[in-house]
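# Understanding the architecture of this molecule
Chain by chain, the residues:
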2 protein chains.
Amino acid sequence: MKETRHDYRELSDFVKKVFVHFGLSQVSADISTRVLLEADLRGIPSHGIARLLRYIDGFKTRQILTDAVPEMLNETDNSIVMDCCGGMGTAVSHDVMNRVISKAKHTGAAFGSVRNSNHFGIAGFYAMMALPENMIGIAMTNTAALGVPTFARQVMFGTNPIAFAAPADREEAFVLDMSTTVVTRGKIEVYNRKEEPLPDGWAVDKNGLSAHDPKSLLADMWSRIGGGILPLGGLGELHGGHKGYGLAVMVDILCALLAGAPTGPDIYDTDISSARVSHFFGAIDIARFRDPVLFRKDMDNMLGRLRATPKADEEERVWFAGLKEAEQTKHNMAKGIPLLDKTEEMLKRVGAETGIRFDA
Amino acid sequence: MKETRHDYRELSDFVKKVFVHFGLSQVSADISTRVLLEADLRGIPSHGIARLLRYIDGFKTRQILTDAVPEMLNETDNSIVMDCCGGMGTAVSHDVMNRVISKAKHTGAAFGSVRNSNHFGIAGFYAMMALPENMIGIAMTNTAALGVPTFARQVMFGTNPIAFAAPADREEAFVLDMSTTVVTRGKIEVYNRKEEPLPDGWAVDKNGLSAHDPKSLLADMWSRIGGGILPLGGLGELHGGHKGYGLAVMVDILCALLAGAPTGPDIYDTDISSARVSHFFGAIDIARFRDPVLFRKDMDNMLGRLRATPKADEEERVWFAGLKEAEQTKHNMAKGIPLLDKTEEMLKRVGAETGIRFDA
């Protein structure tokens, strides 16, 4: 698949204008654009600008309400429960994480749950917001059901990502941003397009047995006949699949149950979006434990040793979570963001529809 | 391997007396006994009474200091950093988690890190302490290095378990208690004794390649030549091994770096114990988000649906984290705790040495 690189600023201008065209406020458009392009910068195009059309379709079908006014359901000095009221997940998430960080400055630790939201982009974006404040940042979201409990045969929870960020000094920050399923549906779709069998331990079929045919798996999942993606750790308990299953449910508890919202099987997923998803955000002030300067130096020491660990035969390098993404960000900021031809074509179509010029 | 069941109360009396015999205070002996036997009750004998001799050896070599006086390094209204000063991990952990819960009652969320500690038993014990208070409980610990970073060949982090507990109403509580490596060393040792090859995705050898011979793996790990256990998700990135690696480092950050303590490769492990380990504890008050009664009902609904999910062909049942352990607890409390012959023999030897009668 051919790729062409595009300047960050040009893409950013285009996407902002498109969001405003479809009814987002300037502030919401700015933030949503930053979240989307942050994914592209970090080398996670599945959550980047390639997703723009899905958001637009969401605006059109009013699955995403551009005029929603989020409602604060509960607020204390260190907690928030917000109803996003079907609005843009990115904007409300950015707002809630900002409030959480602000509360944590005064109280040391604060948390927020958001319900009735839409796709919020990469979880890591929000966790990373805590870094400049010398805080540990946490962000999670549930999604429509795609994951199958250990020993089961039908989907009961989402890909339910967990993001956790902690600052270092000279080293890049530690930024873990991981789905709690082995893979996301996007990976299954890639195998389907390539007409390749799925690796063992990725998914089960409608009978709960190891699934290798991506085409029938996707069809059976789509029609809710059964089958789905396995939790991190894979099939059964031999490789710890029950652990990934537990982590996914933990995410549902923090995102949805603390906010009084539905979990996976009750979140309706369409071609366009996962509506009614819930998020969870947290910030913990390092200064409540020790001098953040010393903490960051110790982070340098630990992370530096991790990436200097002797590599395995036939491997290139040892990383730590967030390092590859930070390097990608610098590279893509300097050289431009790589876009697949089909993404470029989509952007041109959006440009033609909206009258906003896309500089390809 | 033959098993005989023993009454909880009799075992408890015996272990308490043994702990006091070797110098623990009565309070510390009581708590340490509860933690140990909770593991046996829940069906996790690797962390139960079978470990008694290791604690005794720790007392004798003074790797565990029975007369240690823990030192509070930092305390705010919602945070604690405690130096265990080489004392018994169970007692100080119980104390810190109690303080964390008490602080969370006033502040909504509180956290504590403990350094310079010893093996604290099952992490789940401390997370579960939050349940009667309508709180979410969190407990983690690092351990001596056994786990290999993705694409590397030598151990850099421990089995670093995460425990997360949330209360339900009629259903059993959700209690996730999982190492962040695929398996712990105990499982490798079992395969070694059985002289069976290790499954793919459990461990790598000194060259960072898939390890199947448990004997040479254990020898190379022991002599620090290289090789070790893989993070949850297994070898490389295909099944998400980088996610388990990230979770393990997250545990090190929360346990050790918040307390200014060493991580895996600097924690010295001997036959007897892992000394200088660090722990992390947290409690989050559900009432800061919503009515705990409603939360618990929603937990019932979610957990009930999870365990009622249609099972896969050839499987028995679908569980959720903590359900199997809760059922085991009831069963073992009623029928007695099953002890392997070799564990029984060990207890008899301890009885003979201490003059405390073990009723076999």
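Residues numbered from 1 in each chain as written. Chains lettered and ligands numbered in written order. Predicted model: local features only at pLDDT ≥ 70, side-chain atom pairs only at ≥ 80, totals over all residues. Heavy atoms only, no water.

Within chain A one finds 11 helices and 11 strands. Computed over the C-alpha atoms, the radius of gyration of chain A is 20 Å, within 12% of the 21 Å expected from 2.2 N^0.38 for a compact globule of 360 residues. On the principal axes, the C-alpha backbone points of chain A span a range of 55 × 55 × 45 Å. The buried share of chain A, taken over its 360 residues, is 60%. Contacts in chain A between residues far apart in sequence, at least 24 positions, make up 67% of those at least 6 positions apart. With the model as given, the accessible surface of chain A reaches about 13800 Å², and the carbon-plus-sulfur share is 49%. (Helix = DSSP H or I, 4+ residues; strand = E, 2+ residues; numbered from the N terminus. Rg over C-alpha atoms; globule rule 2.2 N^0.38 Å. Buried < 20%, exposed > 50% of the residue type's maximum accessible area, 1.4 Å probe, protein only. Contact = heavy atoms within 4.5 Å. Areas by Shrake-Rupley, 256 points an atom, 1.4 Å probe, with all protein chains shown as cover.)

Topologically, Thr 143 of chain A is positioned in the loop between strand 5 (135-141) and strand 6 (162-166). Here Thr 159 of chain A takes part through its backbone nitrogen, which lies 3.0 Å from a polar atom of the side chain of Thr 143 of chain A. (Polar contact = N/O pair within 3.5 Å; in protein donor to acceptor, adjacent residues only side chain to side chain.)

On to helix 11 (residues 341-354) of chain B, then. Residue and element names in this part refer to chain B. Between its first and last C-alpha, helix 11 extends 20 Å over 14 residues, near the 20 Å set by a 1.5 Å rise per residue. Next to the buried residues of helix 11 lie strand 1 (3-6), helix 1 (8-21), helix 3 (52-61) and strand 11 (337-340). Two residues or fewer after helix 11 comes Gly 355, characterised by a positive phi angle close to 75°. (Expected span 1.5 Å × (residues − 1).)

For the rest of this paragraph, the subject is the relation of the copies chain A and chain B. Overlay of chain A on chain B (RMSD 0.0 Å): rotation 180°, translation along the axis 0.0 Å. Within this description, the copies of the chain are treated as partners about a two-fold rotation axis. Considering only C-alpha atoms, the residue of chain A closest to the rotation axis is Gly 233 of chain A, which sits at 2.5 Å. The residues that chain A uses at the interface reappear at the interface of chain B in 100% of cases, marking a shared surface. (Least-squares fit on C-alpha atoms with pLDDT ≥ 70 in both.)

All names here are of chain B. Here we have seven strands laid out as an open sheet, ordered 2-3-4-10-5-6-7, and mixed in their pairing. Looking at the sheet topology across the chains shown, the edges are occupied by strand 2 (71-76) and strand 7 (174-178). For this sheet, the mean angle separating the axes of adjacent strands, direction not counted, is 10°. Here strand 6 (residues 162-166) pairs with strand 7 via five bridges, running antiparallel. The residue of strand 7 that forms the bridge with Ile 162 is Met 178. (Pairing = 2+ DSSP bridges. Axes fitted to C-alpha atoms, helices over the stretch in contact; angles between N-to-C directions.)

Here we come to the sheet that holds strand 10 (residues 277-285) of chain A. Residue and element names in this part refer to chain A. Ordered by their spatial adjacency, seven strands build an open sheet running 2-3-4-10-5-6-7, and the pairing between neighbours is mixed. This sheet does not close on itself; its edge strands, each paired only once, are strand 2 (71-76) and strand 7 (174-178). Strand-to-strand twist of the sheet, defined as the mean angle between neighbouring strand axes without regard to direction, takes the value 10°. As paired strands, strand 5 and strand 10 are joined by seven bridges and run antiparallel to one another. Bridge pairing in strand 10 links Ile 136 to Ile 284.

Our focus in this paragraph is the packing of helix 2 (residues 26-41) of chain A against helix 4 (residues 89-107) of chain A. Residue and element names in this part refer to chain A. The contact between helix 2 and helix 4 brings their axes to 8 Å, and the two run at 95°. Taken as axis vectors, helix 2 and helix 4 run roughly perpendicular relative to one another. Every residue of helix 4 that contacts helix 2 at Ser 28, Ile 31, Ser 32, Arg 34 and Val 35 is listed here: Thr 90, Ala 91 and His 94. The residue makeup of the contact of helix 2 with helix 4, split by class, is three nonpolar, four polar and one charged. (Parallel < 35°, antiparallel > 145°, perpendicular 65-115°, else oblique. Nonpolar A, V, L, I, M, F, W, Y, C, P; charged D, E, K, R; others polar.)

Residue and element names in this part refer to chain A. In terms of burial, strand 10 is largely enclosed, as nine of its nine residues are buried. Here strand 10 shows two buried faces, one formed by Val 277, His 279, Phe 281, Ala 283 and Asp 285 and the other by Ser 278, Phe 280, Gly 282 and Ile 284. The pairing of strand 4 (residues 109-117) with strand 10 spans seven bridges and is antiparallel. Counted as the bridge partner of Ala 109 is Ile 284 from strand 10.

Here we come to unusual backbone geometry. Apart from glycine, the bulk of residues carry a negative phi angle, and the bulk of peptide bonds sit in the trans form. Even without being a glycine, Cys 85 of chain A presents a positive backbone phi close to 55°. Within the secondary structure, Cys 85 of chain A sits in the loop between strand 3 (79-83) and helix 4. Among the residues examined, Cys 85 of chain A registers a relative accessible area of 27% and is labelled partly exposed. Positive phi, close to 60°, is recorded for Arg 62 of chain B, a residue that is not glycine. Along the chain, Arg 62 of chain B turns up in the loop between helix 3 and strand 2. Classification of Arg 62 of chain B as partly exposed rests on a relative accessible area of 46%.

It is worth spelling out the nonpolar core at this point. By size, the foremost hydrophobic cluster in this structure holds 124 residues, and its most contacted members are Phe 174 of chain A together with Phe 174 of chain B. Apart from the residues within four sequence positions on either side, Phe 174 of chain B is in contact with Gly 246, Val 249, Met 250 and Ile 253 of chain A together with Phe 164, Ala 165, Ala 166, Met 299, Leu 303, Phe 320 and Ala 321 of chain B. (Core = buried A, V, L, I, M, F, W, Y, C linked by side-chain atoms within 4.5 Å.)

Let's shift gears to the confidence of the model for chain A. Mean pLDDT over chain A works out to 95, with 98% of the residues at or above the 70 mark. Complex prediction metrics read pTM 0.97 and ipTM 0.97. (pLDDT = per-residue confidence, 0-100.)

So, on to the interface of chain A and chain B. Residue-level contacts link 84 residues of chain A with 85 residues of chain B. At the boundary of chain A with chain B, total buried surface from both sides reaches about 6800 Å², with 66% on carbon and sulfur atoms. The three residues of chain A that bury the most area against chain B are Phe 151, Lys 243 and Phe 289 of chain A, which together make up 12% of that side's buried surface. Viewed at the interface, chain B and chain A are joined by eight salt bridges. Breaking the side of chain A that touches chain B down by element, the ones donating at least two residues are strand 2, strand 3, strand 4, strand 6, strand 7, helix 8 (241-257) and helix 9 (292-307) of chain A. Among the residues forming the side of chain A that touches chain B, the class breakdown is 45 nonpolar, 23 polar and 16 charged. (Buried area = accessible area lost by both parts, 1.4 Å probe. Salt bridge = Lys/Arg side-chain N within 4 Å of Asp/Glu carboxyl O.)

Okay, the packing of aromatic side chains next. Evaluation of the coordinates by the stated rule reveals 25 aromatic pairs over all chains. Relative to Tyr 245 of chain A, the ring of Phe 157 of chain A has its centre 5.7 Å away and its plane inclined at 20°; by these criteria the two rings are stacked. With Phe 157 of chain A in the loop between strand 5 and strand 6 and Tyr 245 of chain A in helix 8, this pair connects stretches of sequence that are 88 residues apart. On the basis of relative accessibility, which here comes to 1%, the residue Phe 157 of chain A falls in the buried class. By the ring-pair criterion, three or more aromatic residues cluster together here, those being Phe 19, Phe 22, Tyr 55 and Phe 59 of chain A. The side chain of Arg 317 of chain A reaches across the aromatic face of Trp 319 of chain A, ending 4.0 Å from its centre. Sitting above the plane of the Tyr 191 of chain B ring, Lys 194 of chain B keeps its charged end 4.7 Å from the centroid. (Phe/Tyr/Trp six-rings, centres within 6.5 Å; stacked < 30°, edge-to-face > 60°. Lys NZ or Arg CZ within 6 Å of the ring centre and 35° of its normal.)

Residues and elements named next belong to chain B. With respect to the helices and strands, Pro 161 occurs in the loop between strand 5 (135-141) and strand 6. Classification of Pro 161 by relative accessible area gives buried; the value is 13%. Placed 19 residues apart in sequence, Pro 161 and Asn 142 show a C-alpha to C-alpha distance of 7.1 Å. In this view, Pro 161 contacts Ala 139, Met 140, Thr 141, Thr 143, Asp 177, Met 178, Ser 179, Thr 180 and Val 251; residues no more than four positions away in its chain are not counted.

All names here are of chain B. Within the structure shown, the criterion is met by 32 salt bridges over all chains. As a salt-bridge pair, Lys 60 and Glu 353 come within 2.8 Å of each other at their nearest N and O atoms. With Lys 60 in helix 3 and Glu 353 in helix 11, the pair connects residues that are 293 residues apart, well separated along the chain. Residue classification places Lys 60 among the partly exposed positions, given a relative accessible area of 47%.

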